[in-house]
Amino acid sequence: DGNPIWTRSIPDEGMLAAPVAVKSDLYVASAFGLYCFDAATGDEAWRLACGDVKSSQTRPMFAAANGQLYASISLGLRRSRLFCMNVALRKILWSRVVDGTARLDAVGDVLYVRDQNIRAVDGSTGRLLWAHSAEGCNPVTYAEDLAYFVDASDQGRLVALDRYTGARVWEMAGVKSCDAFIRVDATGFIKSSDGTVRALIFEG
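Not measured: the values here are computed from a predicted model.

With that out of the way, let us pick up unusual backbone geometry. In the Ramachandran plot, N66 falls in the positive-phi region, its phi being about 55 degrees despite a non-glycine side chain. Examined against the element boundaries, N66 turns out to sit in the loop between β5 (61–65) and β6 (68–76). The class of N66 is exposed, set by a relative accessible area of 59%. In this structure, D145 takes a positive phi of about 65 degrees despite not being glycine.

The subject of this paragraph is the state of the cysteines. Counted according to the given criterion, the structure contains one disulfide. Residue C137 pairs covalently with C178 via a disulfide, S to S 1.6 Å. Here the S-S torsion is close to -70 degrees, and the disulfide linking C137 with C178 is therefore left-handed. You can see C137 sitting in the loop between β12 (128–133) and β13 (141–143) and its partner C178 sitting in the loop between β16 (168–173) and β17 (182–184), a full 41 residues away along the chain. Taking the relative accessible area as the measure of exposure, C137 reaches 49% and is therefore partly exposed. Its relative accessible area of 46% is what places C178 among the partly exposed residues.

A contiguous nonpolar patch, built from I182, V184, F189 and V197 and spanning about 340 Å² of accessible area, is present on the exposed surface. Following the sequence through the fold, I182 ends up in strand β17.

Take the sheet that holds β6 next. Judged by pairing direction, the sheet is antiparallel, and its four strands sit side by side in the order β5-β6-β7-β8 without closing on themselves. On the outer flanks of this sheet lie β5 and β8 (91–99), each paired with one strand and no other. Averaged over all pairs of adjacent strands, the angle between their axes in this sheet comes to 15 degrees, without regard to strand direction. Where β5 and β6 come together, five bridges link them in antiparallel fashion. Within β6, the position partnered with A63 by the bridge is Y70.

Pairing is antiparallel in the open sheet, where three strands are placed in the order β17-β18-β19. A single partner strand is all that each edge strand has here, and the edge strands are β17 and β19 (197–201). Taking the axes of each pair of neighbouring strands and ignoring which way they run, one obtains an average angle of 20 degrees across the sheet. Relative to strand β18 (residues 187–191), β17 runs antiparallel, the two being bridged by three bridges. By the bridge assignment for β18, R183 is matched with G188.

Below, the discussion takes up the pairing of strand β15 (residues 157–162). Along β15, five of the six residues are buried, which leaves the element largely enclosed by surrounding structure. The sheet contact formed by strand β14 (residues 146–151) and β15 spans six bridges and is antiparallel. Along β15, the bridge assignment pairs L146 with D162. The hairpin turn running from β14 into β15, its antiparallel successor, is five residues long, and D154 in that turn takes a positive phi close to 55 degrees. Of the strand pairs in this sheet, β15 and β16 are connected by five bridges, and their pairing is antiparallel. Looking across to β16, one finds that L161 is bridged to R168. Between β15 and β16, which pair antiparallel one after the other, the connecting turn spans five residues, and G166 there sits at a positive phi close to 80 degrees.

The rules behind each value
Residues numbered from 1 in each chain as written. Predicted model: local features only at pLDDT ≥ 70, side-chain atom pairs only at ≥ 80, totals over all residues. Heavy atoms only, no water. Helix = DSSP H or I, 4+ residues; strand = E, 2+ residues; numbered from the N terminus. Buried < 20%, exposed > 50% of the residue type's maximum accessible area, 1.4 Å probe, protein only. Disulfide = S-S within 2.5 Å. Patch = residues over 30% accessible without salt bridge, like charges linked within 9 Å, V, L, I, M, F, W, Y side chains within 5 Å. Areas by Shrake-Rupley, 256 points an atom, 1.4 Å probe, with all protein chains shown as cover. Salt bridge = Lys/Arg side-chain N within 4 Å of Asp/Glu carboxyl O. Pairing = 2+ DSSP bridges. Axes fitted to C-alpha atoms, helices over the stretch in contact; angles between N-to-C directions.

Coordinates in, geometry out; function isn't part of it.
Next comes the structure, spelled out in structure tokens:
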């Protein structure tokens with residue numbers, strides 16, 4: 001009927017990341033740590049504080065895959081605390097300070113981090129798998145074992161990388177966009193900054 005089932009507030013902890021639902025739990029990252037709520041009732045199950053975060057005006061980043069949660073919480077001065085927690089064990093697997101993070105995406109056992117580079121990180125260990133320099137603001141998307149993004153440097157280009165190795169597979173010059181490249185079956189779509197929508201046909 002459109003009426004709220006429950007609401008929760010987390011006061012005095014800055015902006016919240018977009019929540020992530022895993023089975024019956026709902027996870028939220030604040031500027032100071034992680035919260036787990038019962039998705040049906042909104043009751044708090046547990047919280048995990050990040051002790052070195054003093055204040056933050058930046059929205060945290062959050063992702064989940066394969067039973068692991070990843071969060072990037074700003075420390076200020078263009079630095080972030082990036083960490084991984086195993087949900088079942090409720091245990092931090094790894095944590096490190098990195099350059100400020102613009103986006104997190106978890107796909108399978110790999111975490112993809114975008115700042116001024118796109119970095120692929122082993123989800124369980126935090127080990128860097130590969131990095132690719134790329135200016136821009138659009139999300140990285142993943143389909144058919146490829147990672148797609150726009151590199152806004154120079155005249156701009158739409159780039160496809162092998163998401164496991166970081167090797168360049170193809171690129172299309174003359175594209176600048178802050179919107180995601182979307183692939184549906186054998187067709188890909190991207191809206192460029194001038195409002196033009198381009199459709200690409202994938203053969204074979």
